[in-house]
Number of protein chains: 2
Amino acid sequence: MAAPTAPAHRVDPDSGLDDVFRLAQQLRVDAVRCSTAAGSGHPTSSMSAADLMAVLMARHLRYDWQDPGNPGNDHLVFSKGHASPLLYAMFRAAGVIDERELLKDYRQAGSRLQGHPTPVLPWVDVATGSLGQGLGYAVGIALALRKLERRPGRVWVLCGDSELAEGSVWEALDKAAHYELDNLVVLADVNRLGQCGPTEFGWDTDVYARRVEAFGCRALVVDGHNLAAVDDALTTAADGRQPTVVIARTVKGKGVSEIEDADGWHGKALPEDLAERAVEELGGVGQLTVRGPQPETEAPAPRRRRPVELPRFEVGKEVATRAAYGKALVALGAARPDVVVLDAEVGNSTHTQDFEEAYPDRFFQQWIAEQQMLATAVGLAVRGFRPHATTFAAFLTRAHDFIRMAAVSQVSLALCGTHCGVEIGADGPSQMGLEDLAMMRSIHGSTVLYPADATATAALTATMAELDGISYLRTTRGSYPVLYEPGESFPVGGSKVLRGGGAEDRVTLVGAGVTVHECLRAADRLARRGVPARVIDAYSVKPVDARTLARAARETGAVVVVEDHHPEGGLGEAVLAALAAVGSVPAFGHLAVRNLPGSGSTAEQLAAAGISADAIVPLAEGLAP
Amino acid sequence: MAAPTAPAHRVDPDSGLDDVFRLAQQLRVDAVRCSTAAGSGHPTSSMSAADLMAVLMARHLRYDWQDPGNPGNDHLVFSKGHASPLLYAMFRAAGVIDERELLKDYRQAGSRLQGHPTPVLPWVDVATGSLGQGLGYAVGIALALRKLERRPGRVWVLCGDSELAEGSVWEALDKAAHYELDNLVVLADVNRLGQCGPTEFGWDTDVYARRVEAFGCRALVVDGHNLAAVDDALTTAADGRQPTVVIARTVKGKGVSEIEDADGWHGKALPEDLAERAVEELGGVGQLTVRGPQPETEAPAPRRRRPVELPRFEVGKEVATRAAYGKALVALGAARPDVVVLDAEVGNSTHTQDFEEAYPDRFFQQWIAEQQMLATAVGLAVRGFRPHATTFAAFLTRAHDFIRMAAVSQVSLALCGTHCGVEIGADGPSQMGLEDLAMMRSIHGSTVLYPADATATAALTATMAELDGISYLRTTRGSYPVLYEPGESFPVGGSKVLRGGGAEDRVTLVGAGVTVHECLRAADRLARRGVPARVIDAYSVKPVDARTLARAARETGAVVVVEDHHPEGGLGEAVLAALAAVGSVPAFGHLAVRNLPGSGSTAEQLAAAGISADAIVPLAEGLAP
């Protein structure tokens, strides 16, 4: 592979780019210094992109560094989060962190200058470090600015070349083109070296350009170390015509001859002696402070909220919780202009179509691209919206890594997985969410809700728009009787005792969603057999209602948990963990989906999995003291 | 959007395609009949692709329907698995299922003709139904045929147009081009209507063609109802020059005028009266049986196995389990020619690079495309290889949906997630696998292993190549003392008692991986404080060693589980579930990662999460009776 032909750091003396050149060198020096001080980090991946960031920061990024919350600010997303030394060097150049913090704190315990950027820093919108995600978030931010807020802010994203192998990148560019996000500029730092050696395409920038154009965006190929060329490219990129990817041919380790374009230097701090020589070659420690272009500050129009008027459902009527979810979204939409809804081309099944019809401007079709659906949601949340992103529970697993990272980003958003469990019937296992409770419970700070009826679903849907962090609502395909009167309240962490509750109860049946109805049927049969059962609707799976469960365990001496989910990580283990934490695990039975389901009716599926009333009754009878 | 211009079903009388036309109509009739009989299914999505499949089956697919295990057979993957009525109609036309089974069993409980195809059918290699996956599997199968077996078989994939929105599709095509899989032919059924209405691009086949070509594959655009044109396209596609995507413009519901190209008919069986009219319009019930081209049968060279000579590690020496994994893979590779290894461009961190260096022909770089890494593994497993696919534990979440579906496909493959937990230190939360145990435990039929030392890692790595289903090995970044002598055996479902074991033990400490070492340190301190502790290395997380744990619970009366994972769905809940199942939950303590970590050293991270010996000692002391 030939080395890049452009001479390094050519600065036309008439270009006025001398300061930008000095800034770029300072960024490199600081990236080297902080990583060497920490003993780890990615200086060479920072150095390849330093010229791009220097031009951006000095001449294009409209950002008030003293006021990161300014709604007129542009956004900058470091999708290649491992280039954090470069980002933090920019913060120093902006005058918002000082040299001491940069050199002492980077990658240290308790520091905000973590190995990969997170929003504990006020100038960082989203956590990155899982590659291929930053661009997707940026699409969400750009969408909010352009389609919802109608503000002039731009979104700039720095990507590495290795991460362009992630399919999620192409989902993101597709959406950027579809929604005509002319306020989005991606800077792809094509330094040709990944973690393990040469990337798939090296410096073949044409491949990237062809792909970008095929996905509907504009591609500008540039020598990423020619400051004037980069400046021109960014000017063009931000002309408001089309989402644009600036494909910059760069050199890893640029500026330090000993490591330039050399394999084996990914993710390694320079040893102290090499770092010293590097700083010298780069022109020594810099003290530039850069203000850069400033945003036009315009106060956003206040978003007026009205009280939510939830849909009302008649007790006993059969309503699918997914249908109630759709109606509740419409009610939320009427009350709250910040509520937005996303779907992955299954809106007529998930009932988000109801919202799309009522509020088409706040509904964003993400097609069958669940990763981007999550990324868009995160980006919308960054701009203060309350996204509700929905698909089949099974297909949310597609976006697991994005959900995980959304928790690290500490954004607030609501997910809904429909068609959970074997309950769906004939479509078979590919469409059954049987792992989603485990996935969503294990997300840091998450809330997991699984209502058994339409009233609870509507109430919890409204609640989710108020919760911090990632919340998840699990809904069911089929229609079941409404259990609760309109107006009933469903606090997070609560539960409902639907049968029994007194001293005579000899066994507790705990269900959620469809299994609540099976538990009720089982309780009726048990009653006829002289075994009074307490039935608990554990609609709040995380946090689970430890107090009510512990009391039931103590009072009845036997608990049976029934769930339409694999036995691992779901309601059963949530209940067990809660009981164990208070030291009162009674005789315990756990019915869950242990088979590999096939097709069949709902009743047949519940029976085959052993989670129907037929299975509950003998187990409960056997455990009842 | 204009309707397609080509007249429907034009068959040149000289083309010899009359039989193919009749076959196509028969496939449509049977798709209509079986879905109407079942009351659900996707007849219209089947009818758009019927001409493609008729041409393929009659003239191109080399397949011995009587011998689906014939290694010379081509492969056919229905990525649009919802078109199962079409696939099952093909089985009837091949004479391998009869009319009675098709009409009576489709989508019924206990039937092999499920709503979406799974390998309970001998002619189905992989389960589909989660869209965007089938093409990826096909890439894996084609890779095995071309690069490992060097056989002439081809792989044909039927995709829908909606699923081309999944990024995973582009990861797949990228790999097809990279590995020059000229034996791969994709048939994209562009019927312009998705589940919710028009797709993003409708009949704009040029968009798809540009994307396919940008990703390095050949695109052939064709009228998918012109049998001669389709025949020509498939002939060209299979010329062995390049992976090819035949982009077929088709009409949803083709052949039945009442529903052709009509919105609102996705996933709906025709009502009986409409079905009757449809069958009539399509020419009535057909009775064709098609043999099609036959494979050249050539017995595969037997793969000779030698006993595995595991690497040996000296007790007390500090070795990272990820490093032991790399060495074990090399040992496995020497013994077993069926073992193949995949990585997502982190092989120098995961140590799969050791295998790459030793057996470059059996190592397949998947770049940073975890979904395709899983899909390739599934495809290789279909051809009888034993794939070991590896990346950071955190990034395996990216492939969750593929792992879930691999279990439904009932293939056997081994996964390894490295850099688990907060143990990794300074890189921060984006790189920490803290949800992987919950994810992997919840996979149907999975085995989850988490060794504490190099000896156990090597033994378990070898064991994984013998296990049925999906197995998962969790490894650690840092180096820790070897605990076990070479030759020690580590049965799945077992555990090791590393301290105590007698009647005097007053508390049990259960760890896995890095926390075993913390438990040992804690036990030493507890011993000095007069509290004898039993320490259990629960290297087998699923199945967990219920017997040893229950005995310890009974004998010590107190159990503390310590894990480097979020509290939900991991080792703690696995232990609890096992104890509850045998009715002996003692006083129980659970230390897990409940904070949102930042950067810091390993020791600082373990301390901040409260999973170090410092946290274990007081909890254990408090619980000990």
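Just so you know, the residues in each chain are numbered from 1, in the order the chain's sequence is written. Just so you know, chain letters begin at A and ligand numbers begin at 1, following the order they were written in. At least 70 in pLDDT is required for a residue's local features to be given in this predicted model, at least 80 for side-chain atom pairs to be given and counted, and no such filter applies to totals for whole chains, interfaces and linings, which use all residues. The basis for every side-chain value is the complete set of non-hydrogen atoms in the structure, without hydrogens or water.

Participant: What is the right way to read the packing of helix H6 (residues 134-149) of chain B against helix H7 (residues 167-178) of chain B from this model?
Facilitator: Axes are the key here: two packed helices are described by the angle between their axes and the distance separating the axes. Residues and elements named next belong to chain B. Note on method: axes are straight lines fitted to C-alpha atoms, helices fitted across the in-contact stretch only, with angles between N-to-C directions ranging 0 to 180 degrees. A helix here means a DSSP run of H or I that spans at least four residues, while a strand means a run of E at least two residues long, and both kinds are numbered starting from the N terminus. In the contact formed by H6 and H7, the axes pass within 8 Å of each other and the chain directions differ by 20°. Here H6 lies roughly parallel to H7, going by the angle between them. Between H6 and H7 lies a crossing of left-handed hand. Contact residues: H6 offers Leu 135, Gly 136 and Val 139, while H7 offers Val 169, Ala 172, Leu 173, Lys 175 and Ala 176. Amino acids outside the nonpolar list (Ala, Val, Leu, Ile, Met, Phe, Trp, Tyr, Cys, Pro) and the charged list (Asp, Glu, Lys, Arg) are all regarded as polar, and Gly is one of them. When the residues that make up the contact of H6 with H7 are grouped by side-chain class, the tally is 6 nonpolar, 1 polar and 1 charged. Angular relationships are summarised with four words: roughly parallel below 35 degrees, roughly antiparallel beyond 145, roughly perpendicular across 65 to 115, and oblique for the angles in between. We call a crossing left-handed when the near helix sits turned anticlockwise from the far one by less than a right angle, and right-handed when that turn is clockwise. Contact criterion: two residues are considered in contact whenever any of their non-hydrogen atoms come within 4.5 Å of each other.

Participant: What should I look at first to understand the UniProt feature "domain: Transketolase-like pyrimidine-binding" (unreviewed entry) in chain A in this one?
Facilitator: UniProt positions are given in the numbering used here, feature names are shortened, and annotations may be inferred rather than shown by experiment. Look at the UniProt record and you will see "domain: Transketolase-like pyrimidine-binding" (unreviewed entry) annotated at residues 319-482 of chain A. Annotation note: span residues 319-482 of chain A, helix share 43%, strand share 21%, distance between end C-alpha atoms 7 Å.

Participant: Would you take a moment to explain the packing of aromatic side chains for this structure?
Facilitator: Where two aromatic rings form a pair, the distance of their centres and the angle of their planes describe that pair. Stacked, tilted and edge-to-face pairs are distinguished by plane angle, under 30 degrees for stacked and over 60 for edge-to-face with tilted covering the rest, among Phe, Tyr and Trp rings (Trp via its six-membered ring) whose centres lie within 6.5 Å. Across all of its chains, the model carries 29 aromatic pairs over all chains by this definition. Ring geometry for Phe 392 of chain A versus Phe 395 of chain A: centroids 5.5 Å apart, planes at 10°, classification stacked. The pair formed by Phe 392 of chain A and Phe 395 of chain A is uniform in burial state, with each residue classed as buried. With 6.0 Å between their ring centres and 35° between their planes, Tyr 88 of chain B and Phe 91 of chain B make a pair best called tilted. Within this pair, Tyr 88 of chain B and its partner Phe 91 of chain B are both found in helix H4 (residues 84-93), separated by 3 residues, close to a single helical turn. Pair check on accessibility: Tyr 88 of chain B and Phe 91 of chain B agree, each one buried. Summary of the burial criterion: residues with accessible area below 20% of their type's maximum are buried, those above 50% are exposed, and those between are partly exposed, where the area comes from a 1.4 Å probe applied to protein chains only.

Participant: Would you mind going over the sheet that holds strand E1 (residues 75-78) of chain B with me for this structure?
Facilitator: Backbone-to-backbone hydrogen bonds join strands into a sheet, with any given pair of strands oriented parallel or antiparallel. Residue and element names in this part refer to chain B. Pairing in this open sheet of 5 strands is parallel, and the strands run E1-E2-E3-E5-E4 from one edge to the other. Single-partner strands in this sheet number two, and they are E1 and strand E4 (218-223). Neighbour to neighbour, the strand axes of the sheet diverge by 20° on average, direction disregarded. Each of strand E2 (155-160), strand E3 (184-190), E4 and strand E5 (244-249) touches helix H9 (residues 227-237); the most contacted strand, E4, lies at about 170° to it. Here, strands pair whenever DSSP counts at least two bridges between them.

Participant: Teacher, can you tell me more about the interface of chain B and chain A here?
Facilitator: How large an interface is tends to be reported as the accessible area lost when its parts come together. Chain B puts 91 residues into the contact, and the matching count from chain A is 91 residues. Salt bridge criterion: a side-chain nitrogen from Lys or Arg within 4 Å of a carboxyl oxygen from Asp or Glu. In this structure, the connection of chain B to chain A is made through 12 salt bridges. The partner of Arg 211 of chain A in a salt bridge is Asp 174 of chain B, with the nearest N and O atoms 2.9 Å apart. In the analysis that follows, any N or O atom pair within 3.5 Å is treated as a polar contact, provided that within protein one partner can donate a hydrogen and the other can accept it, and provided that, for residues neighboring in sequence, both atoms belong to side chains. Remark: the boundary between chain B and chain A carries 53 residue pairs in polar contact (both at pLDDT 80 or more). Residue assignment for the side of chain B that touches chain A shows that the elements contributing at least two residues are H7, helix H8 (205-214), helix H12 (347-350), helix H14 (370-382), helix H15 (393-396), helix H16 (400-409), helix H17 (436-441) and helix H21 (571-581) of chain B. Looking at the side of chain B that touches chain A element by element, the count peaks at 7 residues for H16 of chain B. Split by residue class, the side of chain B that touches chain A holds 32 nonpolar, 38 polar and 21 charged.

Participant: Would you explain the sheet that holds strand E2 (residues 155-160) of chain A in this entry?
Facilitator: Residues and elements named next belong to chain A. Taken in spatial order, the 5 strands line up as E1-E2-E3-E5-E4 in an open sheet, and their pairing is parallel. Since the sheet does not close on itself, it has two edges, and those belong to strand E1 (75-78) and strand E4 (218-223), each with one partner. The mean inter-strand angle of the sheet, taken between neighbouring strand axes irrespective of direction, is 20°. Along the sheet face, helix H8 (residues 227-237) touches E2, strand E3 (184-190), E4 and strand E5 (244-249) and points at about 170° away from the line of E4.

Participant: Would you mind showing me how to read a negative patch on the surface here?
Facilitator: Only residues whose relative accessible area exceeds 30% and that take part in no salt bridge are eligible for patches, with like-charged residues grouped when within 9 Å of each other and nonpolar side chains (Val, Leu, Ile, Met, Phe, Trp, Tyr) grouped when within 5 Å. Every accessible area reported is derived by Shrake-Rupley at a probe size of 1.4 Å, with residue values counting cover from the shown protein chains alone. Note on charges: Lys and Arg go in the positive column, Asp and Glu in the negative column, and His and the chain ends are not counted at all. In this description, the location of a charge corresponds to atom NZ of lysine, CZ of arginine, CG of aspartate or CD of glutamate. Residues Glu 260, Glu 272, Glu 276, Glu 280 and Glu 281 of chain A make up a contiguous surface patch of negative charge. Note on placement: Glu 280 of chain A falls in helix H9 (residues 272-281).

Participant: I would appreciate a short explanation of the relation of the copies chain B and chain A in the present structure.
Facilitator: These two copies of the chain differ by a rotation about an axis and a displacement along the same axis. Placing chain B over chain A gives an RMSD of 0.0 Å and needs a rotation angle of 180°, together with 0.0 Å of translation along the axis. Here the transformation between the copies is reduced to the relation of a two-fold axis. By residue overlap, the copies meet face to face through one surface: 100% of the interface positions of chain B are interface positions in chain A. Here the copies were fitted onto each other by least squares, based on C-alpha atoms from residues at pLDDT of at least 70 in both.

Participant: Explanation requested: H4 of chain B in the structure shown.
Facilitator: Note: α-helices contain 3.6 residues per turn, so residues at a spacing of three or four share the same orientation. All names here are of chain B. Buried residues dominate H4, accounting for 10 of its 10 residues. Against helix H1 (18-38), helix H2 (43-48), helix H3 (50-60), E1, helix H5 (99-105) and E2 lie the buried residues of H4. The positive-phi residue at the C-terminal boundary of H4 is Gly 95, with phi of around 80°.

Participant: I'm lost on the domain arrangement of chain A in this one. Help?
Facilitator: Residues and elements named next belong to chain A. Delimitation of the domains relies on an automatic or database domain assignment. Split by domain assignment, chain A resolves into domain 1 (9-290), domain 2 (318-481) and domain 3 (498-623). For domain 2 versus domain 3, the distance between C-alpha centres works out to 25 Å. Taken residue by residue, the interface counts 32 residues in domain 2 and 32 residues in domain 3. As used here, buried area is the combined drop in accessible area, with a 1.4 Å probe, of two parts when they are placed together. Per-residue buried area on domain 2 facing domain 3 is highest for Val 422, Arg 441 and Tyr 450; these three make up 29% of the total on that side. Joining domain 2 to domain 3, the criterion identifies 20 residue pairs in polar contact (both at pLDDT 80 or more). Broken down by secondary-structure element, the contributors of at least two residues to the side of domain 2 that touches domain 3 are helix H16 (436-441), strand E11 (447-449) and strand E13 (479-481).

Participant: So what exactly am I meant to see when it comes to the pairing of strand E7 (residues 339-343) of chain B here?
Facilitator: Remark: a regular strand shows side chains that alternate across the two faces of the sheet. Taken across its 5 residues, E7 of chain B has 5 buried, putting it largely inside the fold. Residues Val 339, Val 341 and Asp 343 of chain B of E7 of chain B are buried on one face, and the alternating residues Val 340 and Leu 342 of chain B, pointing to the opposite face, are buried as well.

Participant: How do you make sense of helix H6 (residues 167-178) of chain A when you look at a structure like this?
Facilitator: Residue and element names in this part refer to chain A. The end-to-end C-alpha separation of H6 is 17 Å, in line with the 16 Å expected for 12 residues at 1.5 Å each. Of all 12 residues in H6, 10 are buried; the element is thus mostly enclosed. Taken residue by residue, H6 has Gly 167, Ser 168, Val 169, Trp 170, Glu 171, Ala 172, Leu 173, Asp 174, Lys 175 and Ala 176 as its buried positions. Residue Glu 180 follows H6 closely and has a positive phi angle near 50°. Expected span, for any helix, means 1.5 Å times one less than how many residues it has.

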